[in-house]
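Take a look at the letters that make up each chain.
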Amino acid sequence: MIEEQRTVARLSQDPAVWVDEHGDYLFGYAMFRLRDASAAEDAVQETLLAALQSYHSFEGRGSQRTWLVGILKHKLTDHFRRMGRETPLSQLEGESFEHGEFFRPAGEWKGHWEADRAPLEWGATPEELLRQSDFFRVLDDCLSPLPARVSGAFILREVDGLASEEICQMFGVTTNNLWVMLHRARLHLRHCVELNWFKPRAV
Amino acid sequence: MTLNPYKKATHALRWFLLHRLPTCKQMVEVMSQSMERPLTLRERVLLKLHLWVCAWCVWYLEQLRLLRASLRARAAEVAGEVSPGVSLSAEARDRIKSSLNRPSS
């Protein structure tokens, strides 16, 4: 135990070892939010470089990993800011999102659910789902087809619990834009998770 | 079919509401926004009435909340753990290491 602590203390002085110790964790964290391997690698590299420059301010409060994730979050924010500046929202996400496929286009029940797209009863609780890590793999896969900024906004909101205003600032979009993006993500995700997780089990 | 008068009236009322209320397509948007801001009184009343007559939308709202709750609980549980199957490539690892050895460049 004492031996181990000494090892950690010694390793933490050498930044190259940070890559082995925390690289995969930071990469996984960035990858989940950015869904782009090269952007996630860049974020890890920028994080470790920034950590190297400010290592004197770390002082060993809390774990090194928590400290690094704190820096990584700023790098992810920078990434989304850049994305917001470089690519106008309308090009990527379509400002007027048409979710026509889910609802009846005409007739007496125009605007109501298409029967084969309407929600089924899941009958699940968060506690049950938490025990099934495959469920979260399905969720992760379902996020991938969405435009990067839509899945990014959804994760920052629903996983990290950031406030709407914070995400709007980061992405350089209006509250209304953000709501449309989140709505789009939810509609797609709910349906995808139902098809790939709940439905096969109900049959 | 012999429905009692109360059931008959309820049935007729639901039918009427389904035709007159905002559609599911409009309500899913309101439900999504209910995750972001407090709804106005008008929205709350319309949503309540809609949910009274539409089981699909009841499940929809439940599922939006379930997804948020389970995602946040999961994030708290796996914080600090390496996600299985996601790792830096050997190439990226080397590149990052060498960039750390010459931080001035």
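Quick notes on the rules
- Residues numbered from 1 in each chain as written.
- Chains lettered and ligands numbered in written order.
- Predicted model: local features only at pLDDT ≥ 70, side-chain atom pairs only at ≥ 80, totals over all residues.
- Contact = placed C-beta atoms within 7 Å.
- Helix = DSSP H or I, 4+ residues; strand = E, 2+ residues; numbered from the N terminus.
- Nonpolar A, V, L, I, M, F, W, Y, C, P; charged D, E, K, R; others polar.
- Axes fitted to C-alpha atoms, helices over the stretch in contact; angles between N-to-C directions.
- Core = buried A, V, L, I, M, F, W, Y, C linked by C-beta atoms within 7 Å.
- Buried ≥ 20, exposed ≤ 12 C-beta atoms within 10 Å, placed from the backbone.
- Domains from an automatic or database assignment.
- pLDDT = per-residue confidence, 0-100.

1. Some points on the interface of chain B and chain A
Here's step 1: Facing the 39 residues of chain B at the interface are 42 residues of chain A.
Here's step 2: Where the side of chain B that touches chain A is concerned, the elements lending two or more residues are α2 (24–33), α4 (55–78) and α5 (90–101) of chain B.
Here's step 3: In terms of residue count, the dominant contributor to the side of chain B that touches chain A is α4 of chain B (16 residues).
Here's step 4: Taken together, the residues that form the side of chain B that touches chain A break down as 19 nonpolar, 11 polar and 9 charged.

2. Examining the packing of helix α2 (residues 15–34) of chain A against helix α8 (residues 148–158) of chain A
All names here are of chain A.
Here's step 1: Contact geometry for α2 and α8: axes closest at 7 Å, N-to-C directions at 115°. Contacts from F32, R33 and L34 of α2 reach α8 at A148, G152 and I155.
Here's step 2: Tallied by class, the residues present in the contact of α2 with α8 amount to 4 nonpolar, 1 polar and 1 charged.

3. Brief notes about the nonpolar core
Here's step 1: By size, the foremost hydrophobic cluster in this structure holds 56 residues, and its most contacted members are L26, A30, V44 and A153 of chain A.
Here's step 2: Take this core: its biggest share by element is 10 residues, from helix α10 (residues 175–202) of chain A.
Here's step 3: Each of two domains, domain 1 (2–86) and domain 2 (101–202) of chain A, supplies a minimum of three residues to this core.
Here's step 4: With near-sequence residues (within four places) excluded, V44 of chain A lies in contact with G23, L26, F27 and A30 of chain A together with L88 and I96 of chain B.

4. A few points about the environment of E101 of chain A
Here's step 1: Its location among the elements puts E101 of chain A in the loop between α5 (89–93) and α6 (126–130).
Here's step 2: In this structure the C-alpha to C-alpha distance between E101 of chain A and A37 of chain A, which are 64 residues apart in sequence, comes to 31 Å.

5. Things to note about the confidence of the model for chain A
Residue and element names in this part refer to chain A.
Here's step 1: Of the residues in chain A, 84% reach a pLDDT of 70 or more, and the chain-wide mean stands at 84.
Here's step 2: Model confidence for chain A, summarised as mean pLDDT per element, is weakest for helix α1 (residues 2–11) at 44 and strongest for α8 at 94.
Here's step 3: In the predicted structure, residues 1–11 sits below a pLDDT of 50 and forms 2 contacts with residues beyond four places in sequence or in another chain.

6. Points about the domain arrangement of chain A
Often, the extent of an interface is quoted as the loss of accessible area on bringing the components together.
All names here are of chain A.
Here's step 1: The domains assigned to chain A are domain 1 (2–86) and domain 2 (101–202).
Here's step 2: A per-element tally of the side of domain 1 that touches domain 2 places helix α4 (residues 64–86) first, with 6 residues.
Here's step 3: Tallied by class, the residues present in the side of domain 1 that touches domain 2 amount to 4 nonpolar, 2 polar and 5 charged.

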